[in-house]
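Residue strings, one per chain:
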Amino acid sequence: MSKIYERSLSIRHLVCGSCNGCEHEMNALAGPAYDITQHGWDLVASPRHADVITVSGPMTEAMRDAAAATLAATPHPMVVVAIGDCAIGVGPWSGVGSAGDGAGPELGARVTVRGCPPNPEEIVRGLREAAQLLDDA
Amino acid sequence: MYAEIAIAPELVRERLGELAETAQALGAYANETKVRYLFLRPQGVLCAAVDAGAGALPSMANEMPLYDWHEREMRQKQGIAFDGHADMRPLSIGDGPVPEAMTAQGEGVNVVVVGPVHAGIIEPGRFTFSTGGETTIHLDTQFSYGHRDIERAMAGRDALEIAPLIARICGGCSVARSWTYARALESMAGLACGEATEFARVVLAELERLYNHVFDLANAASGAGYGRGLAAGLGLKERILQLCAAATQHRLMFDAIVPGGVRTGVLRDPQALRADLRAVRRQVERFVKDMFENRSVIRRIAGAGLGDSQTARLFGACGPATRACGVELDARTLCAYGAYAGLDVRIATAKGGDVLARCNVKRSEIAESFRLIDASLAVLAKSSIPEPQRVECGVGRVTVATEGSRGIETVSVEVKEDGTIERLHVISASYRNWPTVARAMEGNIIPDFPLVNKSFNLCYSCMDR
Ligand code: SF4
C-alpha cells in the first residue's frame, strides 16, 4: 500500500459556473465503482471540515464572493484542485460572456484535472496529487 | 411547423388567455422591440409576437405566474416594461448585490437561508425558507449564481460553430439541447434527416433520460435514508455512462448529436449496445423493485412534496413532475418529432403529485426508455447511420421544442443572412419547473427539502445560462 493511501482527505466541492457535467463525474466518486472512501477520503458538508477544495467552472460574477468566503472558512494546510477544463481556464466557457478565466487560477489551485468533464479516474488522480501536496506540507 | 402570429399590445391579456386554453404555454422571450410568447400545439410551436416599442405591456404574472420570471428576465435583459408586475427584483444577480429574498411576515415566522454553496455536490442556489413552527410557509429561490450571459455572448457568432457550446449549457441535458438546436437549424435550412439518423437520435436522447432517471431514483433513495438503494442506483448509473461512452466516445454524450445528423462514429455497434442494455435492464428492474418494495422508503416518500395539476398548469410546468399530477403532457407525443411518431411512445402518468408519484413516473419512463432504445437499435442493426449532412444556415427564426428528461426544452434562434446568430434564447424544463418546487415545499419540514428537491432534480446551469 502506497504511503499516499495513508492520508485521509476531506473534500469540499465548490461549483463556480460549471455546466454540471463536472458534478456528474464528481458524484461518481461516491458510487461503488470508484468509492473514494476506500482511500480514507470523504466528501464533507462544510469547508470548515475540509482540507481539499475542488472547484469547477469558469467562475461567475455572482459566485466570486461566496467562493472567497468558502476558501476563507477552510483551515490550513489545504489544497485547491481545479476540476475540468473550465476551471483550469481552457474550457468551453472560459472567458465567454460574463464568465471568468477559470475558477482554479482565481482561487489558487495547485492541482489541475483536465477534461470536459474529466473521467472519475482522472479526478481520483488529481486528489492523489493533492494528498501528496498535503503530505509534503 | 413553426408559425408566428401578431397580437396587438392592447389585446395581449385576452389573446394569451385564449391561447393557453388550447395550447401548452411555453413562456416568452424578447429582443429590444418585440416580446414573443410561445405555445406548443400538435402542429408545432406557435409564436405570438407583440410590439413592445410603444410602451409598457400588461404583466401576465398574476393570472399566469408562469410569466413571472420571464417578465423579470425581459425587463432586466431587454429593458421591456410590464405594467402591474409586483416583483421588481432582477432575475439574474450579475455583478450587483444579490436581491433580497421575499419572506413571510408575521409573529413567530422564522427565516432560514441555505446556500448559495450547498453541502454535497450540488450547483449553487440560495433557498430562503420562511417557517412557522416546523413547517415551511414560503420558499424563496434565488438562482443565476452560474449565470454566464450565454445568450448575449452567442449573438454575432456563427450558428454552426456554437453547437458544442449549446451542448455544454447543461451537462445533464446535453443531448436534449443539442437535438433541439440541431432541429432548429435543420428546419430553417429545410433539411430532413434520414431514418437511421432519426432512430440514432432517439437512442441517444433516451439514454440521457435513462441515466438521469436512474440517478434521480438513487437520490430519492438517499433522501429517504435508504443507503443501499443509493449505492445500487449510483452503480447502475455508472454502468449506463460506460455504455454511453462506448457508444459515443463520451460518457455524457456531448456533441453526439450535431446539426445535420449524428457525429461520425456514434453508435457504430448497435447489436453490442443492445445486448449490454438488456443485461443492465434486468439489474435496473431489480434495483427499482427493491426500492418500491421497501415499505420504509415508500412511507417516507408518500405524501411528501405535493404538487397538483392546477399549479402545474398555472406555472407552465412540464415533464415527469407534471405527469405525476396526472397530466398527460409530453412533447414526444403532443408534437411528435424524429422517429418518435413511429415508435408509439407510451406516456406514463401517476396520481398524487408527491415524491412517490414522481418516482413512479420515472420508474415507468425507465422501462419505456429501454423499450424505445431496443426498438431503435433493432432498426439501426439493419441500416447504417450516414455522415452528418451540411446545414446551410440562412436567414430565419424558429423555436423548437423537445422532451428532455426534466420536461420540455426549447431553443429559439434567429439567424442572419451571413449565418450568424441574431438572437438565441433557451428556456429549459428546469426554468419551467423550479417555481413549482417552491410550491411543493409549502407545508413540508426543511429536513425534507433534499428529498422533495431531488425528486424534481432540476438543473441550475440550464436555468442560469
Ligand atoms: S469542463 Fe466541460 S463538463 Fe466541466 S463545467 Fe466546463 S463544459 Fe461542463
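Residues numbered from 1 in each chain as written. Chains lettered and ligands numbered in written order. Predicted model: local features only at pLDDT ≥ 70, side-chain atom pairs only at ≥ 80, totals over all residues. Heavy atoms only, no water.

**Q** How should I be thinking about the overall build of chain B in this particular structure?
**A** A tally of regular secondary structure across chain B gives 16 helices and 14 strands. Taking 23 Å as the expected radius of gyration for a compact globule of 465 residues, we find that chain B reaches 22 Å, a close match to that expectation. Once the C-alpha set of chain B is aligned to its principal axes, its extents read approximately 65 × 60 × 40 Å. In chain B, which comprises 465 residues, the share counted as buried stands at 62%. Considering only intrachain contacts with a sequence separation of at least 6, the fraction spanning at least 24 residues in chain B is 68%. Total accessible area computed for chain B in this model is approximately 16800 Å², and 50% of it derives from carbon and sulfur atoms. Here chain B contributes 52 positive and 55 negative side-chain charges, whose respective centroids are spaced 6 Å apart. (Helix = DSSP H or I, 4+ residues; strand = E, 2+ residues; numbered from the N terminus. Rg over C-alpha atoms; globule rule 2.2 N^0.38 Å. Buried < 20%, exposed > 50% of the residue type's maximum accessible area, 1.4 Å probe, protein only. Contact = heavy atoms within 4.5 Å. Areas by Shrake-Rupley, 256 points an atom, 1.4 Å probe, with all protein chains shown as cover. Lys, Arg positive; Asp, Glu negative; His and termini not counted. Charge placed at Lys NZ, Arg CZ, Asp CG, Glu CD.)

**Q** How should the pattern of salt bridges be read in this particular structure?
**A** Where side chains of opposite charge bring their charged atoms close, a pairing between them can arise. Residues and elements named next belong to chain B. Across all of its chains, the model carries 42 salt bridges over all chains by this definition. Two residues, Glu4 and Arg36, come together in a salt bridge whose shortest N-O distance is 3.7 Å. Within this pair, whereas Glu4 is found in strand β1 (residues 3-7), its partner Arg36 is found in strand β3 (residues 34-41), the two being separated by 32 residues in sequence. For Glu4, a relative accessible area of 34% gives the class partly exposed. Note that Asp330 and Arg332 form a salt bridge whose closest N and O atoms lie 2.8 Å from each other. Side by side, Asp330 and Arg332 carry an identical accessibility label, which is buried. A cluster of three or more residues bridged by salt bridges with shared partners is formed by Glu206, Arg209, Arg323, Asp330, Arg332, Glu365 and Glu403. (Salt bridge = Lys/Arg side-chain N within 4 Å of Asp/Glu carboxyl O.)

**Q** What exactly am I supposed to notice about the nonpolar core here?
**A** The tendency in soluble globular proteins is for nonpolar side chains to be buried side by side. Residue and element names in this part refer to chain B. Ranked by internal contacts, the top residues of the largest apolar core, which has 127 residues, are Tyr181 and Leu267. Residue contributions to this core peak at 14 residues, all from helix α6 (residues 195-223). Among all residues touching Tyr181, those that are not within four sequence positions of it are Ala159, Ile162, Ala163, Ile166, Val411, Val413, Ile421 and Leu424. In this structure, Ile7, Leu16, Ala25 and Ala52 belong to the second largest nonpolar core, which totals 24 residues. (Core = buried A, V, L, I, M, F, W, Y, C linked by side-chain atoms within 4.5 Å.)

**Q** What is the right way to look at the domain arrangement of chain B in this model?
**A** Reports often express the size of an interface as the amount of accessible area lost when the parts come together. Residues and elements named next belong to chain B. We note that the domain assignment places domain 1 (3-83) and domain 2 (159-426) within chain B. Across the boundary between the two partners, domain 1 contributes 23 residues, which contact 18 residues of domain 2. Regarding the contact of domain 1 and domain 2, the summed buried area is about 1600 Å², with carbon and sulfur atoms giving 60% of it. Looking at the side of domain 1 facing domain 2, the largest losses of area belong to Gln24, Tyr29 and Leu40, adding up to 32% of the total buried there. The interface formed by domain 1 and domain 2 contains one salt bridge. The partner of Arg397 in a salt bridge is Glu4, with the nearest N and O atoms 2.6 Å apart. For the side of domain 1 that touches domain 2, the secondary structure elements donating two or more residues are β2 (24-30), β3, β4 (44-51) and α2 (67-78). Among the residues making up the side of domain 1 that touches domain 2, the classes are represented as 13 nonpolar, five polar and five charged. (Domains from an automatic or database assignment. Buried area = accessible area lost by both parts, 1.4 Å probe. Nonpolar A, V, L, I, M, F, W, Y, C, P; charged D, E, K, R; others polar.)

**Q** Could you clarify how one ought to interpret the sheet that holds strand β7 (residues 109-114) of chain B in this entry?
**A** Through backbone hydrogen bonds, the strands of a sheet pair up, either in parallel or in antiparallel fashion. All names here are of chain B. Spatially, three strands are ordered β7-β8-β9 in an open sheet, and the strand pairing comes out antiparallel. Each of the sheet's edge strands pairs with one partner strand only, and the pair in question is β7 and β9 (135-142). Direction aside, the axes of adjacent strands within the sheet are offset by 20° on average. When strand β8 (residues 126-132) meets β9, the two strands line up antiparallel, connected through seven bridges. When the bridges of β9 are listed, Arg126 appears paired with Gln142. (Pairing = 2+ DSSP bridges. Axes fitted to C-alpha atoms, helices over the stretch in contact; angles between N-to-C directions.)

**Q** I keep staring at the packing of helix α13 (residues 355-380) of chain B against helix α15 (residues 449-456) of chain B and nothing clicks. Help me out?
**A** The description of two helices packed together rests on the angle between their axes and the distance between the axes. Residue and element names in this part refer to chain B. Where α13 contacts α15, the axes come no closer than 9 Å and their chain directions differ by 30°. It follows from the interaxial angle that α13 and α15 lie roughly parallel. Of the two elements, α13 crosses α15, and the hand of that crossing is left-handed. Across the interface between the two elements, Val355, Arg358 and Lys362 from α13 touch Leu451, Val452, Ser455 and Phe456 from α15. Split into classes, the residues belonging to the contact of α13 with α15 amount to four nonpolar, one polar and two charged. (Parallel < 35°, antiparallel > 145°, perpendicular 65-115°, else oblique. Left-handed = near helix turned anticlockwise from the far one by under 90°.)

**Q** So what exactly am I meant to see when it comes to the site of the ligand here?
**A** With respect to spatial proximity, 13 residues lie near the ligand, and among them Cys19, Cys22, Cys86, Pro92 and Cys116 of chain A are the closest. Around the ligand, the nearby residues trace back to chains A and B. Among the secondary structure elements, those contributing two or more residues to the shell around the ligand are α1 (21-28) and α3 (85-88) of chain A. Residue classes in the shell around the ligand are distributed as eight nonpolar, three polar and two charged. (Near = heavy atom within 4 Å.)

**Q** Looking at this structure, how should I read the interface of chain B and chain A?
**A** Facing 42 residues of chain B, the contacting portion of chain A comprises 38 residues. Carbon and sulfur atoms make up 66% of the surface buried where chain B meets chain A, a total of about 3000 Å² over both sides. Considering only the side of chain B, the residues that lose the most area to chain A are Val117, Ile121 and Arg148 of chain B, jointly responsible for 24% of the buried surface there. One can count one salt bridge joining chain B with chain A. Between Glu25 of chain A and Arg251 of chain B there is a salt bridge, with its nearest N and O atoms 2.4 Å apart. Counting every contact that joins chain B to chain A gives 11 residue pairs in polar contact (both at pLDDT 80 or more). Secondary-structure elements contributing two or more residues to the side of chain B that touches chain A are α3 (150-154), α6 and α7 (227-248) of chain B. Looking at the side of chain B that touches chain A, the element that brings in the most residues is α7 of chain B, giving seven residues. (Polar contact = N/O pair within 3.5 Å; in protein donor to acceptor, adjacent residues only side chain to side chain.)

**Q** Which parts of the structure should I look at to understand the environment of Pro270 of chain B?
**A** All names here are of chain B. Tracing the sequence through the fold places Pro270 in helix α8 (residues 270-293). Of the residues examined, Pro270 reaches a relative accessible area of 9% and is grouped as buried. For the pair Pro270 and Ala312, spaced 42 residues apart in sequence, the C-alpha separation works out to 38 Å. The residues touching Pro270, leaving out its near neighbours within four places in the chain, are Leu377, Leu380 and Ala381.

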